[in-house]
Amino acid sequence: MPSAALRDVRTPSGTAAFLPVLLANLVPLVGVFRLGWDPATLAAVYAIEVVLSVPLSGATALFAARPPPVDREGGVISVTEGPLSRKRGAVRPASWLPPIYPRNVPFVASVFGAGVWVALVAGVAFSQTFDVPALLGRPAVLASALALVAGQVVEIARDYVGRRRYAETSPYAAVETPTRRAFFLVVALFALPALDAAGGGVAVVAALVAVKLLVEWSGFRATHGDEDSGGGITGWLAGPTDSAEPPAPIEVPDAEPDARIPAHRRAAVATAVLKTLTGVAPIYATGFLIAWIVVLGVFVPDGADGAVALGSGVLVLALYLGALAANAAGYALARAPVEYRRYGGRLVAYDAWLDEPQWAAAVDRLRDAHPL
């Protein structure tokens, strides 16, 4: 959790830092009052922003330097512990970018998957009420949605990267807070038809804008070091702030190792593919199929037309294949670059790509060791 001293140095005072996000969220109101948009158009702008902002939060999680907390109950994002999530070390692709931590990749994969499911549910639900192709075909709608995303990008560049907030953030906090906000906003958008029938016009627009600003303000308070984010819906939207302490460094002798045994990389990749196909592939297939049927059954109770069923089915299939590829890649990246180095009676597993030791143990305590 960030210290008070760090927050005082890196956090702008007052609400001035919230100004770019606030202005970006007021842009769609120009369309309402100057271009004659109806509530459906405003909802489309917010829906596009949600679909784009979820993977954006996943990209920021790559740079989160603090380990995730051990207790992650009650979250929207579920990440199964795996070999890659325990990986030590980081790589810096460019001097102007923060280091990227491979252990954060499972969180990124999870939030990208969540983004696809959000797009699927929102697309199927909205297609039953609004003319989605007509709304998406209006340049002003896409421009307004991109303006909202641009406000988030400015906030990330200035605060998360510029003030090095990534050094105090865990990947769980980086993906969980934006996902909660997206989930809440999508639920609010689903209530749009009922609100439109009851109040119509200005009342619906005011409700949508109020909900959107509540979501943004809650996230802003959480990311700017407000430890008391309040209870209820604002506290839930603020998301988690805890992170685990960095692991203790592994001591490696300065001398050259007595022996080096690298893992067989092709065997590691083959094992990763085999474990994925025989382990998680059937489980994922069942879960994804059931989820797809439930989405169509809940949001299209009278039966989906061919285009909706085919489009959503293709999206679910792509998500399924992507999940399998991510699982296999995670296992391979965790195992393939490892080199086992022996220093007398001590064995050190060393990641040759990250140039970082992963674990160490006394040789006489190892039994039935396998390089993969």
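Bear in mind that the values here come from a model prediction, so they are computed numbers and not experimental data. (Residues numbered from 1 in each chain as written. Predicted model: local features only at pLDDT ≥ 70, side-chain atom pairs only at ≥ 80, totals over all residues. Heavy atoms only, no water.)

### What to know about the confidence of the model for the chain
Here is step 1 of the chain: When pLDDT is averaged along the chain, the result is 78, and 83% of the positions lie at 70 or above.
Here is step 2 of the chain: Between residues 1-14, whose pLDDT stays under 50, and residues either more than four places distant or in other chains, the model counts 22 contacts. (pLDDT = per-residue confidence, 0-100. Contact = heavy atoms within 4.5 Å.)

### Observations regarding unusual backbone geometry
Backbone geometry follows two general trends: most residues other than glycine have a negative phi, and most peptide bonds adopt the trans configuration.
Here is step 1 of the chain: In this structure, arginine 164 takes a positive phi of about 60° despite not being glycine.
Here is step 2 of the chain: One can find arginine 164 in the loop between α6 (139-161) and α7 (171-190).
Here is step 3 of the chain: On the accessibility criterion, arginine 164 (39% relative accessible area) is partly exposed.
Here is step 4 of the chain: Even without being glycine, aspartate 355 reaches a positive phi, approximately 55°. (Helix = DSSP H or I, 4+ residues; strand = E, 2+ residues; numbered from the N terminus. Buried < 20%, exposed > 50% of the residue type's maximum accessible area, 1.4 Å probe, protein only.)

### Digging into the pattern of salt bridges
Here is step 1 of the chain: Taken as a whole and assessed by the stated rule, the structure comprises 7 salt bridges.
Here is step 2 of the chain: Among the salt bridges present, the one from arginine 180 reaches glutamate 176, with a minimum N-O distance of 2.7 Å. Here arginine 180 pairs with glutamate 176, and both are found in helix α7, just 4 residues apart, close to one helical turn.
Here is step 3 of the chain: The network of salt bridges with common partners includes Glu256, Arg260, Glu339 and Arg341. (Salt bridge = Lys/Arg side-chain N within 4 Å of Asp/Glu carboxyl O.)

### Here's the deal with the pairing of strand β3 (residues 346-351)
Here is step 1 of the chain: The buried count for β3 comes to 5 of 6 residues, which makes it a mostly enclosed element.
Here is step 2 of the chain: Of the pairings in the sheet, the one linking strand β2 (residues 338-343) to β3 comprises 6 bridges and is antiparallel in character. Paired with valine 338 across the bridge in β3 is aspartate 351.
Here is step 3 of the chain: Taken together, β2 and the strand that follows it, β3, pair antiparallel across an intervening segment of 2 residues, in which glycine 344 is found at a positive phi of about 65°.
Here is step 4 of the chain: Bridge analysis of β3 against strand β4 (residues 356-362) gives 6 bridges, and the strand direction is antiparallel. (Pairing = 2+ DSSP bridges.)

### Quick notes on the sheet that holds β2
Here is step 1 of the chain: Spatially, β1-β2-β3-β4 is the arrangement adopted by the 4 strands of the open sheet, whose pairing is antiparallel. Lying at the two open borders of the sheet, with one neighbouring strand each, are β1 (259-262) and β4. Each strand axis lies, on average, 20° off the axis of its neighbour in the sheet, ignoring direction. (Axes fitted to C-alpha atoms, helices over the stretch in contact; angles between N-to-C directions.)

### Some points on α6
Here is step 1 of the chain: Look at α6: 31 Å from first C-alpha to last across 23 residues, which is about the 33 Å you get at 1.5 Å a residue.
Here is step 2 of the chain: Within α6, burial applies to Val141, Ser144, Ala145, Leu148, Val149, Gly151, Gln152, Glu155, Asp159 and Tyr160. (Expected span 1.5 Å × (residues − 1).)

### Remarks on the packing of aromatic side chains
Here is step 1 of the chain: Counted under the stated rule, the structure contains 5 aromatic pairs.
Here is step 2 of the chain: With a centroid separation of 5.9 Å and 70° between ring planes, the pair formed by phenylalanine 288 and tyrosine 320 is classed as edge-to-face. Here the residue phenylalanine 288 occupies a position in helix α11 (residues 265-299), and tyrosine 320 occupies one in helix α12 (residues 306-335), the gap between them amounting to 32 residues. You'll find phenylalanine 288 and tyrosine 320 in the same group, each marked buried.
Here is step 3 of the chain: Judged by centre distance (6.2 Å) and plane angle (55°), the ring pair of tyrosine 340 and tryptophan 359 falls under tilted. A residue pair is termed long-range when its members are at least 10 positions apart, and tyrosine 340 in strand β2 and tryptophan 359 in strand β4 qualify at 19 residues.
Here is step 4 of the chain: An aromatic cluster is defined as three or more aromatic residues linked by ring pairs; in this entry it consists of Trp117, Tyr284, Phe288 and Tyr320. (Phe/Tyr/Trp six-rings, centres within 6.5 Å; stacked < 30°, edge-to-face > 60°.)

### Some remarks on the packing of α11 against α12
Here is step 1 of the chain: At a closest axis distance of 8 Å, the pairing of α11 and α12 adopts a crossing angle of 150°. Here α11 lies roughly antiparallel to α12, going by the angle between them. Regarding α11 and α12, the two cross each other, and that crossing is right-handed. (Parallel < 35°, antiparallel > 145°, perpendicular 65-115°, else oblique. Left-handed = near helix turned anticlockwise from the far one by under 90°.)

### Notes on helix α3 (residues 39-61)
Here is step 1 of the chain: Over its 23 residues, α3 extends 33 Å from the first C-alpha to the last, a length consistent with the 33 Å expected when each residue adds 1.5 Å.
Here is step 2 of the chain: The buried count for α3 comes to 18 of 23 residues, which makes it a mostly enclosed element.

### Side note on the environment of valine 161
Here is step 1 of the chain: Mapping valine 161 onto the fold places it in helix α6.
Here is step 2 of the chain: The class for valine 161 is partly exposed, based on a relative accessible area of 26%.
Here is step 3 of the chain: Each C-alpha atom of the pair valine 161 and tryptophan 96 lies 9.5 Å from the other, and the pair is 65 residues apart in sequence.
Here is step 4 of the chain: Not counting chain neighbours up to four residues away, the residues in contact with valine 161 comprise Pro98, Ile156 and Tyr166.

### Thoughts on the packing of helix α4 (residues 105-127) against α12
Here is step 1 of the chain: It is at 11 Å that the axes of α4 and α12 come closest, and there the two elements cross at 175°. With respect to α12, the axis of α4 lies roughly antiparallel. In this structure, α4 contributes Ala109, Gly113, Val116, Trp117, Leu120, Val124 and Ser127 to the contact, and α12 contributes Val308, Ser312, Leu315, Val316, Leu319 and Ala326.
Here is step 2 of the chain: Of the residues contributing to the contact of α4 with α12, the split by class is 10 nonpolar, 3 polar and no charged. (Nonpolar A, V, L, I, M, F, W, Y, C, P; charged D, E, K, R; others polar.)

### Re the environment of arginine 88
Here is step 1 of the chain: One can find arginine 88 in the loop between α3 and α4.
Here is step 2 of the chain: The spacing of arginine 88 and tyrosine 101 is 13 residues in sequence and 7.9 Å in space, taken between C-alpha atoms.
Here is step 3 of the chain: Excluding residues that lie within four positions of it along the chain, arginine 88 makes contacts with Pro247, Ala248, Pro249, Ile250, Leu354, Glu356, Pro357 and Gln358.

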